[in-house]
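Summary of structural features
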Amino acid sequence: MILSVRDLRVSFRTNDGLVRAIDGVSFDLEESEILGVVGESGSGKTVSLLAVMGLITDPNATIEGSIRYKGRELVGLPARELRRLRGNEIAMIFQDPMTALTPVYTIGWQIAEQIRAHRNISKSKAMERVEELLAEVNFPNPHEAMSRYPHQLSGGMRQRAVIAMALSCNPALLVADEPTTALDVTVQAGILDLVRKLRATHKSAVVFITHDMGVVSELADRVMVMYAGRVVERGSRAELFSDPRHPYTRALLGSIPPLTGEKPRRLPAIPGSPPSLLRLPQGCAFGPRCPVHYEPCEAGKPDLGSGTHAAACFRVAQA
Amino acid sequence: MIYAILRRFGQMLFVMFGISVIVFLIFFATPGADPAARIAGRNASPEVLEAVRHSFGFDRPLYVQYVTMMEKIFVTGDLTSFVNRGWKVVPAVMDSIPVTLSLVFGAAILWVVVSIIIGIAAAATRGSWLDKLLMALGLLGISMPVYWLGEVMNLITQSRYHDSWAFSWVPPLGYKNFSDDPKGWFLTLVIPWITLSILYIGIYGRVLRAAIIESLQEDYIRTARAKGLSETRILLRHALRTSLIAFVTLFGLDFGALVGGSALLTEVVFGLHGIGKLTYDALQNLDLPMIMATVMYASMFVVIANAVVDFVYILLDPRLRTS
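The shown structure was predicted, so the numbers you read here are calculated from the model rather than taken from an experiment.

Side note on the overall build of chain A
What chain A contains, in helices and strands, is 12 helices and 11 strands. Expected size for 319 residues packed as a compact globule is a radius of gyration near 20 Å; at 21 Å, chain A falls within 12% of this value. Restricting to contacts in chain A with at least 6 residues of sequence separation, those with at least 24 account for 64%.

This is the structure:
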């Protein structure tokens, strides 16, 4: 077990009241496993992973629950200890490669900086390693690329540089926050291939955040669907795609246009919009948008329950 | 990169040429005014007027007058002040330059170093009492007029507490040449440096703090944190470096203006005969050749300072190197 998150709660004090961005999220991650985390904007997928990274710096945030990395509790760990893990054992790839790199330093410098922050090696040795890494993420000319500045590279190339940077210390856990969202579809495919290949060579476990069901179906071993700060369904990829149980998961899958067969004239959409985290509805947060909504849904919040394939829905529990 | 620098240098020469033409036209081609009468000063005799007319070529076409003027300033250097009876203008400017440069360079070093320290300290501890204290002091520094501050400084160091242990080292007002007496040069300038820099320390400290705090919101700072870098390194290597661009812009403008004569008030208060004082005196008695020369000199420094700033930009921001 690489990562074990139990009952994670993240809330932010704001002028309008307490925002519960994450409300009791639990999940486990095995070695070299890819976990897809799906949900729409504001569902808490990024915040939960930033909490794992210890990157929530907002002084108004409170983090409760337990995050265990290889058995070691990360919540409440001193900043210095956390820093030793970050970038070294736990690395992160961000959504927008355009802004994720410091504009005034070369790619090589920035990757070497991370290596030298965690390994006691000379600058020239670090640079050799950078060249290897850039070759590994399929830079056509790694030696030349090292001396390039971020603005001289295309979006796909920058994301490859960010991935090379994340891999530079052979992390056991890689957190990818929508790494393909800002890229063209063809570039996306390349990045996904890369993630798969790297999982095989580096044996890193990967948490892959996305709102793209297509990406999940290609990449993930297991999937976790989030809505309004809670996990509404989890299961293996096969379970989730062949037997979606939560109405939200079903609705998400239903809104993907089929590649074969007759195309519907209009794609089914989920009515309404995600609730404000300041004013969550009574009971199930998905209730107001749910097609199979009934009385028990207003009484309390459904539990996810145990089991590998589970859904937080009263209808499912009843069935 | 070499190309960018060369191109900037070419632009600089072009701008300086443009300024010289405009300044010349303002003084010598303003309709309804006789430049000869103005150069000769009030109550000039007809013979003097005639001499001025001939010497500056006012009986010849405008472009000849321009060339004559530029020749007198830059080539022969024999531009003469008629108001001050034969005083050579160019040597007077040349004598004032080291005074102003000494004053402004020293103050600039002081204000850049101190304001960077203040800006970093305030940004690193934002919201704390230290941040609030530094920003309040900065505002105080900005609010104090330099002539008042200078007089207070003089009152303390020259008269009231001059005999106390703290200020007995302060020499009397005035300027000492660096080549004659380096120690005296330094000591006479310490108080003027502090006085002149206080305003700029306030402004620059506040500007840098704001720029650093803005940089700290950027995505690449989050990346730097995710890399496991220390907060100090993130602040100095990632946030500060990108924040210096606004700082340098401001510096180029202020430095150029100060060297060009804006340090006048400080010069007057401390009895330093620099460019500001020279321009001020020339304006007082409408000494046209002197004004012409000091304006040319000032514009030259503003343009040079801006070009230097652009070179520093190119060093600071690789995005400006191409294109």
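Description of the overall build of chain B
From N to C terminus, chain B includes 13 helices and two strands. Relative to its full complement of 323 residues, chain B shows a buried share of 37%. A separation of at least 24 residues holds for 68% of the contacts in chain B among residues at least 6 apart in sequence.

Remarks on the interface of chain B and chain A
Across the contact, 19 residues belong to chain B and 22 residues belong to chain A. Contributing elements (two or more residues each) for the side of chain B that touches chain A: α9 (219-226) and α10 (231-262) of chain B. At seven residues, α9(B) tops the list of elements feeding residues into the side of chain B that touches chain A. Class assignment of the residues belonging to the side of chain B that touches chain A gives a composition of six nonpolar, five polar and eight charged.

Observations concerning the pairing of strand β7 (residues 173-177) of chain A
Residues and elements named next belong to chain A. Among the five residues of β7, five are classified as buried, and the element is accordingly described as predominantly covered. Side chains Leu-173, Val-175 and Asp-177 of β7 all project onto a buried face; the interleaved residues Leu-174 and Ala-176 project onto the opposite face, where all are buried too. For strand β6 (residues 90-93) and β7, the ladder comprises four bridges, and the chain directions are parallel. When the sheet's bridge partners are listed, Ile-90 is paired in β7 with Leu-173. When β7 meets strand β8 (residues 205-210), the two strands line up parallel, connected through five bridges. Directly across from Ala-176, in β8, lies its bridge partner Phe-208. This β-α-β element, β7 to helix α7 (residues 185-202) to β8, shows right-handed connectivity.

A closer look at helix α1 (residues 45-53) of chain A
All names here are of chain A. Extensive coverage of α1 is indicated by the burial of nine of its nine residues. Among all positions in α1, only Lys-45, Thr-46, Val-47, Ser-48, Leu-49, Leu-50, Ala-51, Val-52 and Met-53 are buried. Immediately downstream of α1, the backbone of Gly-54 shows phi near 70°, a positive value.

Concerning the nonpolar core
Of all hydrophobic cores here, the largest spans 163 residues; its most connected members are A:Val175, A:Val207 and A:Phe208. In terms of residues, this core owes the most to one element, helix α5 (residues 89-124) of chain B, which gives 13 residues.

Examining the packing of α5(B) against helix α6 (residues 129-143) of chain B
All names here are of chain B. Axis separation between α5 and α6 bottoms out at 8 Å; the angle between their running directions is 140°. In terms of crossing hand, the pair formed by α5 and α6 is left-handed. Only Leu-130, Asp-131, Leu-134, Met-135 and Gly-138 of α6 make contact with α5, whose side of the interface consists of Ile-118, Ala-121 and Ala-122. Within the contact of α5 with α6, the residues separate by chemical class into six nonpolar, one polar and one charged.

Section: the pairing of strand β4 (residues 61-69) of chain A
All names here are of chain A. Looking at chain direction, strand β1 (residues 3-14) and β4 are connected through eight bridges and run antiparallel. Residue Phe-12 lies in a different strand from β4, and its bridge partner there is Ala-61. Sheet topology places β4 next to strand β5 (residues 72-73); two bridges connect them, and they run antiparallel. When the sheet's bridge partners are listed, Tyr-69 is paired in β5 with Arg-72. Counted between consecutive antiparallel strands, the loop separating β4 from β5 contains two residues, among which Lys-70 sits at a positive phi close to 50°.

As for the environment of A:Ile90
Residue and element names in this part refer to chain A. Of note, Ile-90 is situated in strand β6. Under the C-beta neighbour-count criterion, Ile-90 is labelled buried, with 28 such atoms within 10 Å. Sequence-distant contacts of Ile-90, defined by excluding residues within four places in its chain, comprise Met-53, Tyr-69, Leu-85, Pro-171, Leu-173 and Val-175.

Focus on the packing of helix α3 (residues 107-118) of chain A against helix α4 (residues 123-136) of chain A
Residue and element names in this part refer to chain A. Between α3 and α4, the least distance of the axes is 9 Å, while the angle of their chain directions is 115°. Crossing handedness for the pair α3 and α4: right-handed. The residues of α4 that touch α3, namely those facing Gly-108, Ile-111, Ala-112, Ile-115 and Arg-116, are Lys-123, Ala-126, Met-127, Arg-129, Val-130 and Leu-133. Residues that form the contact of α3 with α4 fall into these classes: seven nonpolar, one polar and three charged.

Let's talk about the domain arrangement of chain B
Residue and element names in this part refer to chain B. Domain assignment breaks chain B into domain 1 (2-90) and domain 2 (95-320). Computed from C-alpha coordinates alone, the two centres of domain 1 and domain 2 are separated by 32 Å. Between domain 1 and domain 2, the contact holds 22 residues from the first and 17 residues from the second. Broken down by secondary-structure element, the contributors of at least two residues to the side of domain 1 that touches domain 2 are α1 (2-28), α2 (35-40), β1 (80-81) and α5. When grouped by side-chain class, the residues that make up the side of domain 1 that touches domain 2 number 15 nonpolar, five polar and two charged.

Considerations on the sheet that holds strand β3 (residues 34-38) of chain A
Residues and elements named next belong to chain A. Read from one edge to the other, the open sheet built from seven strands follows the order β6-β7-β8-β3-β9-β10-β11, with strand pairing classed as mixed. For this open sheet the edge positions go to β6 and β11 (310-311), each flanked by a neighbour on one side alone. The strands touched by α1 are β3, β6, β7, β8 and β9 (222-227); relative to β7, the strand with the most contacts, the crossing angle is about 150°.

Notes on the environment of A:Val175
Residue and element names in this part refer to chain A. Of note, Val-175 is situated in strand β7. Sequence-wise, Val-175 and Gly-235 are 60 residues apart; in three dimensions their C-alpha atoms are separated by 19 Å. Not counting the four nearest positions on each side in its chain, Val-175 is found in contact with Leu-49, Val-52, Met-53, Ile-90, Met-92 and Val-207.

Focus on unusual backbone geometry
Most of the time, phi is negative for any residue but glycine, and the peptide bond is trans. Residue and element names in this part refer to chain A. With phi around 50°, Asp-7 is a residue other than glycine that occupies positive phi space. Unlike most non-glycine residues, Lys-70 shows phi in positive territory, near 50°. By the secondary structure assignment, Lys-70 is in the loop between β4 and β5. Of the residues examined, Lys-70 has 13 C-beta atoms within 10 Å and is grouped as partly exposed.

Focus on the environment of B:Gly18
Mapped onto the fold, B:Gly18 is located in helix α1. As a C-alpha pair, B:Gly18 and B:Trp148 span 130 residues in sequence and 37 Å in three-dimensional space.

Overview of the sheet that holds strand β2 (residues 17-29) of chain A
Here we have four strands laid out as an open sheet, ordered β2-β1-β4-β5 (chain A), and antiparallel in their pairing. Edge positions in the open sheet fall to β2 and β5 of chain A, since each of these has one partner strand only.

What counts, and at which threshold
Residues numbered from 1 in each chain as written. Chains lettered and ligands numbered in written order. Predicted model: local features only at pLDDT ≥ 70, side-chain atom pairs only at ≥ 80, totals over all residues. Helix = DSSP H or I, 4+ residues; strand = E, 2+ residues; numbered from the N terminus. Rg over C-alpha atoms; globule rule 2.2 N^0.38 Å. Contact = placed C-beta atoms within 7 Å. Buried ≥ 20, exposed ≤ 12 C-beta atoms within 10 Å, placed from the backbone. Nonpolar A, V, L, I, M, F, W, Y, C, P; charged D, E, K, R; others polar. Pairing = 2+ DSSP bridges. Right-handed = clockwise from strand over helix to strand, strands pointing away. Core = buried A, V, L, I, M, F, W, Y, C linked by C-beta atoms within 7 Å. Axes fitted to C-alpha atoms, helices over the stretch in contact; angles between N-to-C directions. Left-handed = near helix turned anticlockwise from the far one by under 90°. Domains from an automatic or database assignment.

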